[in-house]
Amino acid sequence: MSGKRRAIGLMGGTFNPIHYGHLVAAEAARDAFGLEQVIFIPSGMPPHKSAAFVAPAEDRYLMTFLAITPNPHFDLSRVEIDRAGPSYTSDTLAHFHRLGPDVDWYFISGADAILEIASWHAPEDIFEYAHLIAASRPGYSLSRLKAMESRLGPAHRARIHPLEVPALAISSSQIRERLRAGLSIRYLLPEAVENYIYKNRLYASDSHDGEGRATPPPDLRRR
Ligand code: ATP
Ligand code: MG
């Protein structure tokens, strides 16, 4: 073995559903930072998303599996799905740090999410266990990221890495809205994921009750 440290990417998300924005950001990060692989980590119970309909974890896991399978450098982890309680990024990064204390872990996130990190659970652990790659996303300027960095101490600042990715104005919420409105989602996400959504009737028009609380479509209630 050479003395070069291993570098591995971690891409966390609700993946509700996974789409090309996630895949493009992960691949761009792999290229730019010489990551040997990127591990996708679908969240269990997401702490930030209680208001929106979130498909069952096993469906989000399978959709992520279908999306990443064609890329030999992409992998998938159940760590957040199998952990009870809310999915905190700090716990997940501590888990991977324990698995590989000598690995350089890179947590890949959209710049929008990075800007909110100070409000997440245990942000100091997040900074300690991983580098952060802030992928630019339409509507979130990297200058706001610079402003946030300047409020951090030098040690933390050094571990935030902005990354320009080809702009893709795709979001899972937009895909869910399009499905509810009966609009096409073709070319926004891999075809296998699109087929899975239709086959399992995810994100059907009756997936919300009047108060915005999640009510699974009838097919899912039987599970
Ligand atoms: P939602 O609209 O439900 O919030 P989302 O599209 O933001 O969904 P998440 O699962 O919340 O998807 O995102 C996981 C990670 O991927 C986050 O760090 C997010 O910032 C990033 N991300 C999502 N879409 C894009 C995109 N189009 N380009 C770059 N990064 C993205
Ligand atoms: Mg989001």
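Just so you know, these numbers come straight off a predicted model, no measurement behind them.

What counts and what doesn't
- Residues numbered from 1 in each chain as written.
- Chains lettered and ligands numbered in written order.
- Predicted model: local features only at pLDDT ≥ 70, side-chain atom pairs only at ≥ 80, totals over all residues.
- Heavy atoms only, no water.
- Core = buried A, V, L, I, M, F, W, Y, C linked by side-chain atoms within 4.5 Å.
- Buried < 20%, exposed > 50% of the residue type's maximum accessible area, 1.4 Å probe, protein only.
- Salt bridge = Lys/Arg side-chain N within 4 Å of Asp/Glu carboxyl O.
- Helix = DSSP H or I, 4+ residues; strand = E, 2+ residues; numbered from the N terminus.
- Arc of directions from axis to C-beta.
- Contact = heavy atoms within 4.5 Å.
- Pairing = 2+ DSSP bridges.
- Axes fitted to C-alpha atoms, helices over the stretch in contact; angles between N-to-C directions.
- Phe/Tyr/Trp six-rings, centres within 6.5 Å; stacked < 30°, edge-to-face > 60°.
- Lys NZ or Arg CZ within 6 Å of the ring centre and 35° of its normal.

S.K.: Would you explain the nonpolar core in this entry?
M.R.: In summary, soluble globular proteins display a tendency toward joint burial of nonpolar side chains. By size, the foremost hydrophobic cluster in this structure holds 38 residues, and its most contacted members are Met11, Ile18, Val38, Phe40, Met63, Ile197 and Tyr203. Grouped together as the second largest cluster of nonpolar side chains are 27 residues, Val103, Ala113, Phe127 and Ala130 included.

S.K.: What is the right way to look at the pattern of salt bridges in this model?
M.R.: Note that side chains of opposite charge can pair when their charged atoms are close. Under the defined criterion, the tally for this structure stands at five salt bridges. Note that Arg6 is salt-bridged to Glu36, the shortest N-O span being 2.7 Å. Remark: Glu36 occurs in the loop between helix 1 (20-33) and strand 2 (37-42) and Arg6 occurs in the segment before strand 1 (7-13); sequence separation between them is 30 residues. According to the relative accessible area criterion, Arg6 is partly exposed, its value standing at 38%. Note that Arg30 and Glu27 form a salt bridge whose closest N and O atoms lie 3.2 Å from each other. On the criterion of helical spacing, the pair formed by Arg30 and Glu27 is a turn pair, its members being three residues apart in helix 1. Taken together, the shared-partner salt bridges in this structure form one network comprising Glu58, Arg78 and Asp82.

S.K.: What exactly am I supposed to notice about the environment of Phe65 here?
M.R.: Relative to the assigned elements, Phe65 resides in helix 2 (residues 57-68). Distance from Phe65 to Asp75, taken between C-alpha atoms, is 8.2 Å for residues ten residues apart in sequence.

S.K.: Is there a simple way to explain helix 10 (residues 191-199) in this structure?
M.R.: Given 3.6 residues per helical turn, the α-helix brings residues three or four places apart onto the same face. Along helix 10, the residues that are buried comprise Val193, Glu194, Tyr196 and Ile197. Looking straight down helix 10, one finds that the buried residues subtend no more than 160° of arc, so they occupy a single side. Exposed and facing more than 90 degrees away from the buried side of helix 10 are Glu191 and Lys199. Looking at the packing, one finds that the buried side of helix 10 touches helix 2 and helix 9 (172-180). Arg201 lies just past helix 10 and shows a positive phi near 50°.

S.K.: I would appreciate a short explanation of the sheet that holds strand 5 (residues 131-135) in the present structure.
M.R.: Adjacent strands of a sheet pair through backbone hydrogen bonds, lying either parallel or antiparallel. Strand order in the open sheet formed by six strands is 3-2-1-4-5-6, and the pairing between neighbours is parallel. With one partner strand each, in any of the chains shown, strand 3 (74-76) and strand 6 (160-163) form the two edges of the open sheet. Strand-to-strand twist in this sheet, taken as the mean axis angle between neighbours without regard to direction, amounts to 30°. Where strand 5 and strand 6 come together, four bridges link them in parallel fashion. In the sheet register, Ala134 faces strand 6, and the bridge partner there is Pro162. Set on the sheet, helix 1 makes contact with strand 1, strand 2, strand 3, strand 4 (104-110), strand 5 and strand 6; between it and strand 6 the angle comes to about 115°. Its contacts with the sheet put helix 7 (residues 142-151) on strand 5 and strand 6, and the angle it makes with strand 6 is roughly 170°.

S.K.: When you look at the packing of aromatic side chains in this model, what are you seeing that I'm missing?
M.R.: Aromatic rings in a pair are described by how distant their centres are and how their planes are angled relative to each other. Scanning the entire structure with this criterion turns up five aromatic pairs. Their ring planes at 45° and their centres at 5.9 Å tell us that Phe15 and Phe40 sit as a pair that is tilted. Of the two residues, Phe15 is situated in the loop between strand 1 and helix 1 and Phe40 in strand 2; the sequence distance between them amounts to 25 residues. Judged by centre distance (6.0 Å) and plane angle (85°), the ring pair of Phe53 and Tyr203 falls under edge-to-face. With Phe53 in the loop between strand 2 and helix 2 and Tyr203 in the loop between helix 10 and helix 11 (218-221), the pair connects residues that are 150 residues apart, well separated along the chain. Across the pair, Tyr203 and Phe53 agree in class, each one buried. One aromatic cluster in this structure is built from Phe15, Phe40 and Phe74. Positioned above the aromatic ring of Tyr61, the side-chain terminus of Arg78 is 4.8 Å from the ring centre.

S.K.: Whenever I open this one, the pairing of strand 2 confuses me. Can you help?
M.R.: Consecutive residues of a regular strand have side chains that alternate between opposite faces of the sheet. Counting buried residues in strand 2 gives six out of six residues, a clear majority hidden from the surface. Covered by surrounding structure in strand 2 are Gln37, Ile39 and Ile41 together with Val38, Phe40 and Pro42, the residues of both alternating faces. Bridging between strand 1 and strand 2 involves six bridges; their strand directions are parallel. The partner of Met11 across the bridge, within strand 2, is Phe40. Pairing between strand 2 and strand 3: three bridges, direction parallel. Paired with Ile39 across the strands is Asp75, a residue of strand 3.

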